[in-house]
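Chain by chain, the residues:
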Amino acid sequence: MKKICLLAHLITISLLSAQTIQLKDGWKFSATDNMNYSKTDYNDSQWQNISVGKNWDDQGYEDLDGFAWYRIRVFIPSSLKENSVLKDSIKIYLGKIDDYDQAYINGHIFGINGRNVSENIPLDNSFSKEHPIPWNRERKYTLASNDPRILWNQENTIAIRVYDQGGLGGMFSGIPSISSMTLSEYLLCNYKEERFDYSKNNISKTISLKNTSAKYNLAGKLSIVAKNKLTGKIYFSKDHNVVLNSGSTQKFVYKYKNPNEPTTITYKFYSTKDKSTGIFVDEPSYILTPEPSPIPKINGAKIYGQRSGKPLLYTIAASGKRPMSFDALNLPEGLSID
């Protein structure tokens, strides 16, 4: 029989700035499943406290598979929107959840498995059958500032219904928060879809930035920096001006001499309007195998077994400067080298 778990409520909040409310502490948890757990008036005083950013298996629930709920209560001040550049929406970040989730605010659903949803969506268990399993997907939900599901200058109840199909489970990575939206969050970088070109001892790549906003234009700087992961040595650095109207795309090409070393390439966008940043990290491959020596060397097995009376065909693996010839002494009768 599958067990069920529920989310806890927040006692205190931490204002990181005028634009972010951290939801690190105050979560409560229950090992039963009931849709009433999403409601603001539900009494969760008997629930257990639980930490987020850590799977529930390491917190005394190692045999728990199936449904689970987390709950937290948080005061959301109107200054969250009033002090932000973009006053029309907020973001609710829940980190990564293993495996599936339904997210509620004040009894109304607002997200499923990392996607914003209407509160009128049918509530069932189909969310727990999505493929591929979204266990490693960051849950970033957005709500319009005028959404009636948000209670400004009041206490709000956030409840997360979690389903774990096996193994580790829960809100296992990241610190949840509520924040105002920034312009950089509308920026999409396609660096994962594009391949590196390693021709002529160089590394080159074409990436593109896309403005996914239907309302705002983006302008700022894109900094591309390639540096050694171990020493911090910079191999390449260049800044580009970025101007992206709503829905538009801009391409950027870079090239530098291939150091054949462990390297990270950082694409950092800085918005001149709201001072926000978007950071994407790339990593080209490099060759660990040393260049072969010109001196001939046999690289195959030194001992090879074979049943007598059976045919043998064995290829000698060798490296070195070509052309080269092979010879063998004291071979058994019937065996020759070609």
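## Here we look at the pattern of salt bridges
Applying the stated rule across the entire model yields 12 salt bridges. For Asp44, the salt bridge goes to Arg73, with nearest N and O atoms at 3.7 Å. Of this pair, Asp44 sits in the loop between β3 (28-30) and β4 (48-49) while Arg73 sits in strand β5 (residues 66-76), and the two are 29 residues apart along the sequence. Each member of the pair, Asp44 as well as Arg73, carries the same accessibility label: buried. A network of salt bridges, in which partner residues are shared, links Asp44, Arg71 and Arg73.

## Some thoughts on the nonpolar core
Core analysis: the biggest nonpolar cluster contains 31 residues, and Trp27, Trp56, Tyr70, Ile158, Ile160 and Ile178 have the highest contact counts within it. The set of elements that each furnish at least two residues to this core consists of β5, β6 (89-98), β7 (100-105), β10 (138-144) and β11 (154-164). Top element by residues in this core is β5. It accounts for 5 residues. Tyr186, Phe196, Ile224 and Val242 belong to the second largest nonpolar core, which has 26 residues in total.

## Description of the sheet that holds strand β16 (residues 218-228)
Spatial ordering of the open sheet is given by β17-β16-β19-β20, a layout of 4 strands whose pairing is antiparallel. Each edge of the sheet is formed by a strand with only one pairing partner; in this case those strands are β17 (234-244) and β20 (277-282). In this sheet, neighbouring strand axes are inclined to one another by 15° on average, regardless of whether the strands run parallel or antiparallel.

## Examining the sheet that holds strand β15 (residues 202-211)
What the 3 strands build is an open sheet, ordered β14-β15-β18; its pairing is antiparallel. Two strands close off the open sheet at either side, each with one partner strand: β14 (187-189) and β18 (249-257). Along the sheet, successive strands turn relative to each other by an average axial angle of 20°, direction set aside. With 3 bridges connecting them, β14 and β15 associate as antiparallel partners. By the bridge assignment for β15, Leu188 is matched with Lys210.

## With respect to the packing of aromatic side chains
Evaluation of the coordinates by the stated rule reveals 22 aromatic pairs. Considering the side-chain rings of Tyr191 and Phe280, the 6.0 Å spacing of their centres and the 55° angle between planes classify their relative orientation as tilted. Of this pair, Tyr191 sits in the loop between β14 and β15 while Phe280 sits in strand β20; the two residues are 89 residues apart in sequence, bridging distant segments of the chain. Overall, the relative accessible area of 11% leaves Tyr191 in the buried class. When its relative accessible area of 17% is taken as the criterion, Phe280 is described as buried. We note Lys205 situated over the ring of Phe196; from NZ or CZ to the ring centre the distance is 4.0 Å.

## So, a nonpolar patch on the surface
A cluster of nonpolar residues, Ile298, Tyr304, Leu312, Tyr314, Ile316, Phe326, Leu331, Leu335 and Ile337, forms a patch on the protein surface that exposes about 760 Å² of accessible area. Of note, Ile316 is situated in the loop between β21 (297-298) and β22 (318-319). Since its relative accessible area comes to 33%, Ile316 is described here as partly exposed.

## What to know about the confidence of the model for the protein chain
In the predicted model, the protein chain carries a mean pLDDT of 92, and 95% of its residues have values of at least 70. Counted against residues more than four places away or in other chains, residues 1-18, with its pLDDT under 50, gives 85 contacts.

## Here's the deal with the layout of surface pockets
Volume-wise, the largest pocket comes out at about 970 Å³. Lining the largest pocket we find 23 residues, and of these Lys140, Ser184, Glu185, Leu187 and Phe280 sit closest to its centre. Elements that contribute at least two residues to the lining of the largest pocket include exactly β10, β14, β15 and β20. Classifying every residue of the lining of the largest pocket by side-chain character gives 7 nonpolar, 9 polar and 7 charged.

## Details of the environment of Thr272
Relative to the helices and strands, Thr272 resides in the loop between β19 (263-271) and β20. Linking Thr272 and Lys221, residues 51 residues apart in sequence, is a C-alpha distance of 7.7 Å.

## Observations concerning unusual backbone geometry
Trans peptide bonds make up most of the peptide bonds, and negative phi angles are found at most residues other than glycine. In the segment running from Asp98 into Asp99, the intervening peptide bond is cis, with an omega of 5°. Counting through the fold element by element, Asp99 comes out in the loop between β6 and β7. The residue after Arg322, namely Pro323, is reached through a cis peptide bond having omega 0°. Along the polypeptide, Pro323 turns up in the segment after β22. With a phi angle near 55°, Asn106 is a residue other than glycine that sits in the positive phi range. Topologically, Asn106 is positioned in the loop between β7 and β8 (108-112). Overall, the relative accessible area of 10% leaves Asn106 in the buried class.

Each value, and the rule that gives it
Residues numbered from 1 in each chain as written. Predicted model: local features only at pLDDT ≥ 70, side-chain atom pairs only at ≥ 80, totals over all residues. Heavy atoms only, no water. Salt bridge = Lys/Arg side-chain N within 4 Å of Asp/Glu carboxyl O. Helix = DSSP H or I, 4+ residues; strand = E, 2+ residues; numbered from the N terminus. Buried < 20%, exposed > 50% of the residue type's maximum accessible area, 1.4 Å probe, protein only. Core = buried A, V, L, I, M, F, W, Y, C linked by side-chain atoms within 4.5 Å. Pairing = 2+ DSSP bridges. Axes fitted to C-alpha atoms, helices over the stretch in contact; angles between N-to-C directions. Phe/Tyr/Trp six-rings, centres within 6.5 Å; stacked < 30°, edge-to-face > 60°. Lys NZ or Arg CZ within 6 Å of the ring centre and 35° of its normal. Patch = residues over 30% accessible without salt bridge, like charges linked within 9 Å, V, L, I, M, F, W, Y side chains within 5 Å. Areas by Shrake-Rupley, 256 points an atom, 1.4 Å probe, with all protein chains shown as cover. pLDDT = per-residue confidence, 0-100. Contact = heavy atoms within 4.5 Å. 1 Å grid on protein atoms, 1.4 Å probe; cavity = no way out; pocket = protein on both sides within 12 Å on 5 of 7 lines; lining within 4 Å. Points joined across faces, edges and corners; volume = space filled by probe spheres on them. Nonpolar A, V, L, I, M, F, W, Y, C, P; charged D, E, K, R; others polar.

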